[in-house]
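Coordinates in review
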Amino acid sequence: MSEKVTFEEKELTIDFASYDEKAGKIVILAHADGESPSSMNIGLQAYDEDAREFYEDEEAKKAGLDKLAKTGLTLEDIQNKKFFGKTFTAYTDNGKITFNKPQRFVRANQIQNREAMQLDGVEVVTEPITEQKSKHKF
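Residues numbered from 1 in each chain as written. Predicted model: local features only at pLDDT ≥ 70, side-chain atom pairs only at ≥ 80, totals over all residues. Heavy atoms only, no water.

**Thoughts on the pairing of strand 6 (residues 87-93)**
- With 5 of its 7 residues buried, strand 6 lies for the most part within the structure.
- As paired strands, strand 1 (residues 10-20) and strand 6 are joined by 4 bridges and run antiparallel to one another. Counterpart to Leu12 in the pairing with strand 6 is Phe88.
- Taken together, the 3 bridges between strand 6 and strand 7 (residues 96-98) define a ladder with antiparallel strand orientation. Directly across from Asp93, in strand 7, lies its bridge partner Lys96.
- Hairpin geometry of strand 6 and strand 7 is characterised by an intervening segment of 2 residues between the two adjacent antiparallel strands and by a positive phi of about 50 degrees at Asn94. (Buried < 20%, exposed > 50% of the residue type's maximum accessible area, 1.4 Å probe, protein only. Helix = DSSP H or I, 4+ residues; strand = E, 2+ residues; numbered from the N terminus. Pairing = 2+ DSSP bridges.)

In structure tokens:
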């Protein structure tokens, strides 16, 4: 039986931060006491699905800078390397930092032949339970 994992907000200390102007991306590396570092990527550009490329967008940049503000940093802090030892609170999950509480999803058991025979002729209708901004459906 698997162990139930609970997530709690932690105080994270910033180890490193970088800003790539050309890619429009910020990377932050931080750790909680007694844990190994986790990372967070903050994009400042929007993505065009059809062209498959990033482009400058004021709305995407504002959303990225708002996310950066939650860490207590600004672009000037990163460019001037004034981020060492600063702290903020967030969740960590498998080496990734997030401000939203991570959710675990239950994995169903594979249907065996006996169960599959019971479903023969039954109409099965599926629908997404939730739709997220990232277009992943669960």
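What follows continues from the structure just given.
**Regarding unusual backbone geometry**
- Phi at Arg52 is positive, roughly 55 degrees, even though this residue is not glycine.
- As for its position among the elements, Arg52 is in the loop between strand 4 (45-48) and strand 5 (53-56).
- A relative accessible area of 67% places Arg52 in the exposed class.
- You will see that Asn94, though not glycine, has its phi angle at about 50 degrees, which is positive.

**Structural notes on the side chain of Asp77**
- Mapped onto the elements of the fold, Asp77 is located in helix 2 (residues 75-79).
- Relative accessible area serves as the criterion here: at 15%, Asp77 is assigned to the buried category.
- If near-sequence neighbours (up to four positions away) are discounted, Asp77 is found in contact with Gly72, Lys82, Phe83 and Lys86. (Contact = heavy atoms within 4.5 Å.)

**Focus: the pattern of salt bridges**
- Counted according to the given criterion, the structure contains 3 salt bridges.
- As a salt-bridge pair, Glu35 and Lys10 come within 2.8 Å of each other at their nearest N and O atoms. You can see Glu35 sitting in the loop between strand 2 (25-31) and strand 3 (38-43) and its partner Lys10 sitting in strand 1, a full 25 residues away along the chain.
- When its relative accessible area of 25% is taken as the criterion, Lys10 is described as partly exposed.
- For the salt bridge of Lys62 with Asp66, the shortest nitrogen-to-oxygen distance reads 3.1 Å. Residue Lys62 and its partner Asp66 are located together in helix 1 (residues 58-69), separated by 4 residues, close to a single helical turn.
- Residue classification places Lys62 among the exposed positions, given a relative accessible area of 51%. (Salt bridge = Lys/Arg side-chain N within 4 Å of Asp/Glu carboxyl O.)

**Structural notes on the nonpolar core**
- Core analysis: the largest hydrophobic core is formed by 19 residues, its most contacted members being Ile26, Ile28, Leu68, Leu73 and Phe88.
- At the level of elements, strand 1, strand 2, strand 3, helix 2 and strand 6 are the ones that each hand at least two residues to this core.
- Dropping the residues within four chain positions of it, Leu73 is found in contact with Ile14, Ala17, Ile28, Leu68, Ile78, Lys82, Phe83 and Lys86. (Core = buried A, V, L, I, M, F, W, Y, C linked by side-chain atoms within 4.5 Å.)

**Examining the packing of aromatic side chains**
- For the coordinates displayed, the defined rule picks out 4 aromatic pairs.
- When the centroid spacing of 6.0 Å and the interplanar angle of 50 degrees are considered together, the rings of Phe88 and Phe99 count as tilted. Of the two residues, Phe88 sits in strand 6 while Phe99 sits in the loop between strand 7 and helix 3 (113-118), which places them 11 residues apart along the sequence.
- Here Phe88 falls in the buried class, since its relative accessible area comes to 5%.
- By relative accessible area, Phe99 is classed as buried at 16%.
- Site record: aromatic cluster; members linked through ring pairs are Phe16, Phe83 and Phe84. (Phe/Tyr/Trp six-rings, centres within 6.5 Å; stacked < 30°, edge-to-face > 60°.)

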